[in-house]
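Fold and contact review
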Amino acid sequence: MSQGPLSAKLFAAAKQIIPGGVNSPVRAFRNVGGEPFFVRRAKGCRIWDVDDREMIDYVGTWGPAILGHAPVPVIEAIHNAAKEGVSFGIPNPYEVEMARLICEWVPSIQKVRMVNSGTEATMSAIRLARGFTKRDRIVKFEGCYHGHVDSLLVAAGSGALTHGRPDSAGVPSAFADLTTILPLNDVEALESLFAAQGGGIAAIIVEPYPANAGLILPKPGFLQKLRDITAKHGALLIFDEVMTGFRLAKGGVQEIEKITPDLTCLGKVIGGGLPVGAFGGRADIMDILAPDGPVYQAGTLSGNPVAMAAGLAQLRELQKQNGFARLEELGQMMETSVLDALKATGRDYQWYRRGSMFCLFFTGKPVHNLADAKSADLAAFRKFFHHCLDNGVYFAPSQFETGFISMAHAKEDIARTAEVAAAALRAL
Ligand code: KE4
């Protein structure tokens, strides 16, 4: 579906006054070619562009729309909260309710601080880890994306990877020098790093199920290895669950894998679509944050009442609908149809899924790290993406992203998607 006339007009105007015409690079369709459409409205699992073309949406605003778009409980909560005032800069009851829910759902979080994005959550967690350990070095993994934090924009995933510039300009080498990058799933590299520099490492930060280079799952035992080696060397383990938190299980990947990190970063689902992030963990670590301790962190809109109300409504509705079980069912439906389509078309592409998160790598090679992911045939992916878009199915506009199923996707939507995807695979 080439861009509609109204989208084209809007994009031409946007490019004059917004860098690249977008407020976030991955929206610019650079990995798939063509130009983005503009959305007029979204409801359930569907979106409509300004040229009134309807699509089944598997981006779900990059994760937050776990109930689907504009779910009634969330809209009502926003309306009721907003009527009482949209921001105070003074503590409000919703903040305590949200903190209580997070600590209950994610037991490793004994104390939590709200922020306004996933980036703020990881940036604050890194500073906190350095302040707590009095060490400077941070370890991350190739292809993992933790937001556009200076010290983490090295070998990053998501939009940085999509644009082939995983190391951003503007990051002083002094910052990047304090970040060590390891290949995912490489225990040997991990062990030799800690043997050489363990005493100077403040923390490992990891997406426990890396989903910003496509979905690349940890090999069995890898997460436990991270837990053991950080504990042994007095470094902290930070789980960046901005994408997986409240998406894959009530307690996130740490519940599924039974691993207890020292700190956890959250975002996306937690805000019901409004700008919310959070970081939390062991009370002894969180207690050194200002105003009690020496690590400064702050935010005008942190704990915003309307955003808190939206997030609380979303999380409570998800629990009420037994959401994680339903999302698993829908994920299995999607999986069966994709695997059938691959078999029918003789494609040896690599399919990965956990719950409602999925990725199809256009490569015949199993994907265990960024190098494997980069072996994908981007031309084939591009063709597949546009074929699906032209037939009303919107997948993430990059091979290096993950797809999301929501509670609003019905069996019929999954069936229609399978039909379109099979035809797109046949047409390659
Ligand atoms: P935000 O600052 O974009 O709210 O969160 C940053 C972030 C941190 N950690 C993880 C694991 C993340 O996935 C993200 C953001 N994810 C991307 C999608 N892959 C955001 C999309 C975008 O940049 O527009």
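Note that the coordinates shown come from a computational prediction; the quantities given were computed from them, not determined experimentally. (Residues numbered from 1 in each chain as written. Predicted model: local features only at pLDDT ≥ 70, side-chain atom pairs only at ≥ 80, totals over all residues. Heavy atoms only, no water.)

Some remarks on unusual backbone geometry
- That bond from Ala290 to Pro291 is cis: its omega, 10°, falls within 30 degrees of zero.
- Within the secondary structure, Pro291 is located in the loop between helix H10 (283–286) and helix H11 (305–320).
- Positive phi, normally seen in glycine, also occurs at Asn322, with a value near 50°.
- One can find Asn322 in the loop between H11 and helix H12 (323–345).
- Taking relative accessible area as the criterion, Asn322 reaches 52% and is therefore assigned exposed. (Helix = DSSP H or I, 4+ residues; strand = E, 2+ residues; numbered from the N terminus. Buried < 20%, exposed > 50% of the residue type's maximum accessible area, 1.4 Å probe, protein only.)

Considering the site of the ligand
- Neighbouring the ligand are 17 residues, the closest being Ser24, Thr119, Asn212, Asp240 and Glu401.
- A distance of 2.6 Å separates an oxygen atom of the ligand from a polar side-chain atom of Ser24.
- Take Tyr145: an N or O atom from its main chain is 3.4 Å from a nitrogen atom of the ligand.
- Contact with the protein chains hides 87% of the accessible area of the ligand, taken as 540 Å² for the molecule alone.
- When its residues are assigned to classes, the shell around the ligand shows 5 nonpolar, 8 polar and 4 charged.
- The residues that make up the shell around the ligand include at least three from each of domain 1 (5–70 + 322–426) and domain 2 (72–319). (Near = heavy atom within 4 Å. Polar contact = N/O pair within 3.5 Å; in protein donor to acceptor, adjacent residues only side chain to side chain. Areas by Shrake-Rupley, 256 points an atom, 1.4 Å probe, with all protein chains shown as cover. Nonpolar A, V, L, I, M, F, W, Y, C, P; charged D, E, K, R; others polar. Domains from an automatic or database assignment.)

Re the packing of aromatic side chains
- For the structure on display, the rule yields 17 aromatic pairs.
- With centroids separated by 5.5 Å and ring planes inclined at 20°, the aromatic side chains of Trp351 and Phe358 adopt a geometry described as stacked. Accessibility assignment for this pair places Trp351 and Phe358 in one class, buried.
- Summarising the aromatic geometry, the rings of Phe362 and Phe381 are spaced 5.5 Å apart at their centres and angled 90° between planes, so their arrangement reads as edge-to-face. With a gap of 19 residues between them, Phe362 in the loop between strand S12 (357–361) and helix H13 (370–373) and Phe381 in helix H14 (residues 378–390) connect regions that are remote in the sequence.
- You can call Phe381 buried: its relative accessible area is 7%.
- Three or more aromatic residues joined by ring pairs form one cluster here, namely Phe29, Phe37, Tyr58, Tyr349, Trp351, Phe358, Phe362, Phe381, Phe384, Phe385, Tyr394 and Phe395.
- Between Arg41 and the ring centre of Trp48, over which it is positioned, the NZ or CZ distance is 3.8 Å.
- Its guanidinium or amino end placed over the ring of Tyr209, Arg354 lies 5.8 Å from that ring's centre, counting from NZ or CZ. (Phe/Tyr/Trp six-rings, centres within 6.5 Å; stacked < 30°, edge-to-face > 60°. Lys NZ or Arg CZ within 6 Å of the ring centre and 35° of its normal.)

Some points on the confidence of the model for the protein chain
- The predicted model of the protein chain averages 96 in pLDDT, with 98% of residues at 70 or higher.
- The least confident element of the protein chain is helix H5 (residues 158–162), whose mean pLDDT is 74; the most confident is strand S8 (residues 236–240), at 99. (pLDDT = per-residue confidence, 0-100.)

Observations concerning the side chain of Arg137
- If you trace the backbone, Arg137 turns up in strand S5 (residues 137–141).
- There is a polar contact of 3.0 Å between the side chain of Arg137 and the backbone oxygen of Asp177.
- Within polar-contact distance, the side chain of Arg137 engages the side chain of Gln197 at 3.0 Å.
- Non-local contacts of Arg137, meaning those with residues more than four positions away in its chain, are made with Asp177, Leu178, Thr179, Thr180, Gln197, Gly200, Ile201, Ala202 and Ala203. (Contact = heavy atoms within 4.5 Å.)

Considerations on the pairing of S12
- By the criterion of burial, S12 is predominantly enclosed, with 5 of the 5 residues buried.
- Where burial is concerned, the two faces of S12 agree: the one with Met357, Cys359 and Phe361 and the one with Phe358 and Leu360 are both buried.
- Relative to S12, strand S11 (residues 350–354) runs antiparallel, the two sharing 5 bridges. Within S12, the residue paired with Tyr352 across the bridge is Cys359.
- Summarising the sheet, S12 and strand S14 (residues 403–404) pair through 2 bridges and their orientation is antiparallel. (Pairing = 2+ DSSP bridges.)

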